[in-house]
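So the chains spell out like this:
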Amino acid sequence: MDARSFARHTDSPAAGKHSPGMAEEGSPGTAEQDSGEGSLSIAGLLEFGEVSSAAPEVLAGEDELSRTIRWVHIADSEHVERFLEGGELVLTTATTFRRSAAAMSEFFDQLETVGAAGTIVELVDEDSAPDEQASTIVRAAAAGRSLPIVLLPRRVKFVRITELAHRRLLAQQLSRLEHAQEIHETYTQLSLERASAQTIVDRTAELLAVPVVLEDVSHRVLAHAGRDSQSLVQKWADLVTGRATAPGVGEAARWRQTPVGLSARRWGRLVVPSPTETSAALEQIIERAGEALTLTRMADRDEQDLLLQAQSGLIREISDSDGLDEHAALQRARSLGFSPAEGAELIPVVVRLDRGEEADPTRIQLQERGLTQEIVAAVARLGRCCLMTSLQSGVFGFVLAPAGRTTERRPRPAARNEPEAVLTDVLAELEGPADGRVVGVGRASTSLRRAVARLEAAAQVAEVASTLDVRRRSFYRSSDVRLRGLLSLLAEDSRLRAFAEGELGPLLGDTADEELLDLLGLHLAHGGNKSAMARAGYLSRPALYARIAKLQDRLGVSLDDAESRTALHVALLWWRMHG
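Residues numbered from 1 in each chain as written. Predicted model: local features only at pLDDT ≥ 70, side-chain atom pairs only at ≥ 80, totals over all residues. Heavy atoms only, no water.

Caption draft 1: Representation of the pairing of strand 14 (residues 437-441) within the structure. Most of strand 14 sits out of view: five of its five residues are buried. By the alternation rule, side chains of strand 14 split into R437, V439 and V441 and V438 and G440, which are all buried. As defined by bridge partners, strand 11 (residues 347-353) adjoins strand 14 across five bridges and the pair is classed as antiparallel. Of the residues in strand 14, the one forming a bridge with R352 is V438. (Buried < 20%, exposed > 50% of the residue type's maximum accessible area, 1.4 Å probe, protein only. Helix = DSSP H or I, 4+ residues; strand = E, 2+ residues; numbered from the N terminus. Pairing = 2+ DSSP bridges.)

Laid out in structure tokens, this is it:
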């Protein structure tokens, strides 16, 4: 058979990953193939009646016959490399080069270089008898190769082989598309129905027929389903860290998983811990399940966002209007879910997120949204209530109080209803590090109107606390920021600016000397203790004395004078904050 009578090459869509061979054309096939998960391998192709009747002989690569066939290509020259991209099964009669050992070796070399799946070589003469001379050359060239090389000593119709292969490949692709459509419709419906996380996990485990676990970022199990999933989650923390093993469960690093949540704020991951052969369908299922879980939580948050907008509107109305009395304000607040206990102290709180000079506004917005949601959830869990408002980008406030009708499972001691304890409990419930935010608190009040009015003071405290070099408190009151708080309140006062510039003038302007400003700050911070200054500044005593003398000369005052130190301290604090 002359291969040149056929098309130079024929393409067909790719099938999936490597898998066992395919049943003969017309036979039922395996369940895996029927579901579209199978793939056409060389071993499967050899079982086709058209090929098996030609008495195929595997000359090389017998261990690689499970290779997947991506395309079928017919070649009539040894120079085939430029037509291939990898994964092809090459059919050839080698008519033009079967008599040359060098050309045959080059042909096989090129197939190995491009990563072809393998080759089938038909060697018959014009009378359709086996070409023994060419077979000897092919056997020698194939010896020791890992590339699957199959010899056909009888004539076959290559067009029939390509027809059968393409039909099977296209059928498998169609099956995959139908399966993908089923997966798409399943998770779309779950999303539209606002299915719970447990329902989504149940359906995923059903589709995969293996255990599935949904965990949060701290590896706490939120939902699980599937056979034996209960026994897995009982020792989940140890399985994740590798301290324990379970039958049929491999290493955690090899689990199939997909993150859940928006990329800027992941809140969990969906995990398939049982060792399952990776396939396109498995990856698609867990990916769509992750998307459904993300959309469900986003929809829940959208409802909460509407409530937060309404609460913000009420707080602005209370702040800006004198026509809303205490009773009316409380009635409106109760309609929005804020129902404090009778006579409870209401705590004005402002949270300020740290933001650098190059902070991404979108990232700040996502962080603020996530943190407000965490606070609302923590407040509900603890049997408290809050009235939330957004103040500016990266800054939001809320009025916090014990709820009148608590939903808390365990009653708390009366001492835990004190304002400071109430806020401490809520902040302790938040996930993630606290060093990316600062919390300011105003004076508590039994009046909602006064508590709302004191949000401004709480915001001022949070702003001042954000300038502290070291922040050790979970929240700050005005008494914690002390002089910095006063200077912050007077930030825009031109008289204070004039005072600061007058005190520090010799170190500012054209003669600015940051080193002397830092030395002044070091001196004031250590109360003039030169031993402590030397240690903190890594200076020798002689060098320190020389610099202090230079600083006093430049300022024109003695640092031993208490009033001078006080004035300089106030001026330097203001300058560092607002200068």
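Caption draft 2: Region of interest: the packing of helix 4 (residues 101-114) against helix 5 (residues 132-142). One can describe the packing of helix 4 onto helix 5 by two numbers: an axis separation of 9 Å at closest approach and a directional angle of 45°. Classified by the angle their axes make, helix 4 and helix 5 are oblique. Considering only the axes of helix 4 and helix 5, their crossing is right-handed. The segment helix 4 lies against helix 5, with A101, M104, S105 and F108 engaging I137, V138, A141 and A142. For the contact of helix 4 with helix 5, a count of residues per class yields seven nonpolar, one polar and no charged. (Axes fitted to C-alpha atoms, helices over the stretch in contact; angles between N-to-C directions. Parallel < 35°, antiparallel > 145°, perpendicular 65-115°, else oblique. Left-handed = near helix turned anticlockwise from the far one by under 90°. Contact = heavy atoms within 4.5 Å. Nonpolar A, V, L, I, M, F, W, Y, C, P; charged D, E, K, R; others polar.)

Caption draft 3: Region of the structure containing the pairing of strand 7 (residues 212-216). Across the five residues of strand 7, five count as buried, placing the element largely inside the fold. Of the two faces of strand 7, both are covered, the one formed by V212, L214 and D216 as well as the one formed by V213 and E215. Where strand 7 folds back on strand 8 (residues 221-225), the antiparallel hairpin that results is connected by four residues, among which H219 adopts a positive phi of roughly 65°.

Caption draft 4: Spotlight on helix 4. Between the first and last C-alpha of helix 4 there are 20 Å, a value that for 14 residues agrees with the 20 Å anticipated at 1.5 Å per step. Where helix 4 terminates, the next one or two residues include G115, which has phi positive at roughly 80°. (Expected span 1.5 Å × (residues − 1).)

Caption draft 5: Highlighting the sheet that holds strand 12 (residues 384-392). Taken together, the four strands give an open sheet; going across it, the order is 12-13-11-14, and neighbouring strands pair in antiparallel fashion. Pairing within the sheet leaves two strands with one partner each, and these edge strands are strand 12 and strand 14. On average, adjacent strands in this sheet sit at an angle of 25° to one another, irrespective of strand direction. Pairing between strand 12 and strand 13 (residues 395-402): eight bridges, direction antiparallel. Of the residues in strand 13, the one forming a bridge with T389 is G397. Across the sheet, helix 15 (residues 455-465) touches strand 11, strand 12, strand 13 and strand 14, and the angle it forms with strand 11 is around 35°.

Caption draft 6: Local environment of helix 5. Within the span of helix 5, buried status applies to A134, S135, I137, V138, A141 and A142. The buried residues of helix 5 occupy one face: seen down the axis, they fall within an arc of 160°. For helix 5, exposure combined with an orientation more than 90 degrees from the buried face picks out E132, Q133, T136 and A140. Those residues of helix 5 hidden inside the fold are in contact with strand 2 (57-60), helix 4 and strand 6 (149-152). Just downstream of helix 5 lies G144, where phi reads positive at about 80°. (Arc of directions from axis to C-beta.)

Caption draft 7: A look at the environment of G115. Within the secondary structure layout, G115 lies in the loop between helix 4 and strand 5 (118-122). Spatially, the C-alpha atoms of G115 and E88 are 8.0 Å apart, while their sequence positions differ by 27 residues. Excluding its chain neighbours within four sequence positions, the residues that come into contact with G115 are G86 and G87.

Caption draft 8: Representation of the nonpolar core within the structure. Ranked by size, the top nonpolar core spans 30 residues in total, and within it L314, I318, F338, L346, L387, V399 and L448 carry the most contacts. Elements with a minimum of two residues in this core: helix 10 (280-320), helix 11 (326-335), strand 12, strand 13, helix 14 (448-453) and helix 15. Top contributing element to this core by residue count: helix 15, with six residues. When neighbours within four sequence positions are excluded, F338 is seen to be in contact with A333, L346, C385, C386, L387, V399, A401 and L448. Core analysis: the second largest hydrophobic core is formed by 24 residues, F97, A103, A141 and I149 among them. (Core = buried A, V, L, I, M, F, W, Y, C linked by side-chain atoms within 4.5 Å.)

Caption draft 9: Molecular detail of the environment of L308. Here L308 shows up in helix 10. For L308, a relative accessible area of 14% puts it in the buried group. Distance from L308 to T389, taken between C-alpha atoms, is 6.7 Å for residues 81 residues apart in sequence. Sequence-distant contacts of L308, that is, excluding residues within four places in its chain, are made with T372, Q373, V376 and M388.

Caption draft 10: Broad picture of the side chain of Q311. Within the secondary structure, Q311 sits in helix 10. For Q311, a relative accessible area of 3% puts it in the buried group.

Caption draft 11: Quick look at the pattern of salt bridges. Tallying each qualifying case throughout the model produces 15 salt bridges. The closest approach of N and O atoms between R288 and E291, which form a salt bridge, is 3.0 Å. Within this pair, R288 and its partner E291 are both found in helix 10, separated by three residues, close to a single helical turn. Owing to a relative accessible area of 16%, R288 belongs among the buried residues under this scheme. (Salt bridge = Lys/Arg side-chain N within 4 Å of Asp/Glu carboxyl O.)

Caption draft 12: Just the packing of aromatic side chains, in detail. Tallied over the entire structure, the rule returns three aromatic pairs. Taking the centre distance of 5.1 Å and the plane angle of 45° together, the rings of F97 and F107 count as tilted. Here the residue F97 occupies a position in the loop between strand 4 (88-92) and helix 4, and F107 occupies one in helix 4, the gap between them amounting to 10 residues. Note on F97: relative accessible area 2%, which makes it buried. Residue F107 is classed as buried on the basis of its relative accessible area, which comes to 0%. (Phe/Tyr/Trp six-rings, centres within 6.5 Å; stacked < 30°, edge-to-face > 60°.)

Caption draft 13: Highlighting the packing of helix 18 (residues 514-525) against helix 20 (residues 541-555). Where helix 18 contacts helix 20, the axes come no closer than 10 Å and their chain directions differ by 105°. The angle between helix 18 and helix 20 places the two elements in the roughly perpendicular class. Mapping the contact onto sequence places L516, L519, L520 and H523 in helix 18 and L544, R547, I548, K550, L551 and R554 in helix 20. Tallied by class, residues from the contact of helix 18 with helix 20 come to six nonpolar, one polar and three charged.

Caption draft 14: Spotlight on the environment of R266. The residue R266 is located in strand 10 (residues 265-272) in this model. Since its relative accessible area comes to 39%, R266 is described here as partly exposed. Remark: the alpha-carbon pair of R266 and D216, spanning 50 residues in sequence, is separated by 8.8 Å. The residues touching R266, leaving out its near neighbours within four places in the chain, are V217, P259, V260 and G261.

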